[in-house]
Amino acid sequence: MNTQKTLVLLKPCTVQRALIGEIISRFEKKGLRVAGLKMMQLDDAILAEHYAHLVDRPFFPGLKESMMVTPVIALALEGVDAIEVVRQMAGPTNGRKALPGTIRGDYSMSGQQNIVHASDGPETAAAELARFFRPEEIFEWKSPLERSLYSDDGC
């Protein structure tokens, strides 16, 4: 089985709309395990690093400002194919284009105020987890429900 860890940020719009528990619950109900969780206030330095690929774009100042309105919730989620599962659950970046049933499709009407950030691949997930969590803040444990989630052959 391809067990992975991935980063999810619950954005300030999620905090402001009191959707924290609902969004985390959706990931847990899917069978993903919370390996790390914390609330943190983002600052210029971490946002410039996290969005380094967007820093020269004209919309970056507004993005940065929106990500500092309230603290965010950082989640380290773990499960089989967790990166792909989380991305599928999140839906497309623009909430108006996301299908109902996805997190963004159910809760977002925006490309920026789109509820969650989700790592897009294994290398990104590793770098982002290291950016938002110290090693001792991510926990290794087995859920007793794991046998109910996966078959013996990993499917």
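One can find the structure itself at the top, above this paragraph.
Residues numbered from 1 in each chain as written. Predicted model: local features only at pLDDT ≥ 70, side-chain atom pairs only at ≥ 80, totals over all residues. Heavy atoms only, no water.

Asker: Give me the overall build of the chain: which residues, what numbers.
Answerer: Helix and strand content of the chain: 8 helices and 4 strands. Reading the chain from its N terminus to its C terminus gives the helix and strand order β-α-α-β-α-α-β-α-α-β-α-α. Here the C-alpha atoms of the chain give a radius of gyration of 15 Å, agreeing with the 15 Å that 2.2 N^0.38 yields for 155 residues. By principal-axis analysis of the C-alpha atoms, the chain measures approximately 50 × 35 × 25 Å. Here the chain holds 155 residues, and the buried ones make up 46% of them. Within the chain, contacts between residues at least 6 apart in sequence are counted, and of these 76% link residues at least 24 apart. For the chain, the accessible area works out to roughly 8,500 Å², and carbon and sulfur atoms hold 54% of it. (Helix = DSSP H or I, 4+ residues; strand = E, 2+ residues; numbered from the N terminus. Rg over C-alpha atoms; globule rule 2.2 N^0.38 Å. Buried < 20%, exposed > 50% of the residue type's maximum accessible area, 1.4 Å probe, protein only. Contact = heavy atoms within 4.5 Å. Areas by Shrake-Rupley, 256 points an atom, 1.4 Å probe, with all protein chains shown as cover.)

Asker: Please provide a residue-by-residue account of the environment of R26, values included.
Answerer: Structurally, R26 can be placed in helix 2 (residues 20-30). Between the C-alpha atom of R26 and that of I103, which follows or precedes it by 77 residues, the distance is 8.4 Å. In this structure the side chain of R26 is engaged in a polar contact, spanning 3.0 Å, whose partner is the side chain of D106. (Polar contact = N/O pair within 3.5 Å; in protein donor to acceptor, adjacent residues only side chain to side chain.)

Asker: Outline the packing of helix 2 against helix 5 (residues 82-90), listing residues and values.
Answerer: Following both chains from N to C, one finds helix 2 and helix 5 inclined at 130 degrees, their axes separated by 11 Å at the closest point. Between helix 2 and helix 5, the interaxial angle falls into the category oblique. By crossing handedness, the relation of helix 2 to helix 5 is classed as right-handed. Packed against helix 2, whose contacting residues are R26, F27 and K30, the element helix 5 presents V85, V86 and M89 at the interface. When its residues are assigned to classes, the contact of helix 2 with helix 5 shows 4 nonpolar, no polar and 2 charged. (Axes fitted to C-alpha atoms, helices over the stretch in contact; angles between N-to-C directions. Parallel < 35°, antiparallel > 145°, perpendicular 65-115°, else oblique. Left-handed = near helix turned anticlockwise from the far one by under 90°. Nonpolar A, V, L, I, M, F, W, Y, C, P; charged D, E, K, R; others polar.)

Asker: Now, about the nonpolar core: what can you tell me, with residues and values included?
Answerer: I23 and F27 are the most contacted members of the largest nonpolar core, which has 22 residues in total. For this core, the secondary structure elements donating two or more residues are strand 1 (3-10), helix 1 (12-16), helix 2, strand 3 (72-80), helix 5, helix 6 (103-107) and strand 4 (116-118). At 5 residues, helix 5 tops the list of elements feeding residues into this core. Every residue in contact with F27, bar those within four places of it in the chain, is listed here: V8, L32, L75, L77, V86, M89 and I103. Counting residues in each nonpolar core, the second largest holds 19 residues, with I46, Y51, L54 and F132 among its members. (Core = buried A, V, L, I, M, F, W, Y, C linked by side-chain atoms within 4.5 Å.)

Asker: I'd like a description of the pattern of salt bridges, backed by residues and values.
Answerer: Any two side chains of opposite charge can pair, given that their charged atoms come close. By the definition in use, this model includes 10 salt bridges. Taking the shortest distance from any N to any O, the salt bridge between E78 and K5 comes out at 3.6 Å. Here K5 lies in strand 1 and E78 lies in strand 3, a separation of 73 residues in the sequence. According to the relative accessible area criterion, E78 is buried, its value standing at 11%. Residue classification places K5 among the partly exposed positions, given a relative accessible area of 24%. Of the charged contacts, one joins K142 and E146 as a salt bridge, the two residues approaching to 3.8 Å between their closest N and O atoms. Note on E146: relative accessible area 27%, which makes it partly exposed. Connected through salt bridges with shared partners, the residues K5, R33, E78 and E140 form a single ionic network. (Salt bridge = Lys/Arg side-chain N within 4 Å of Asp/Glu carboxyl O.)

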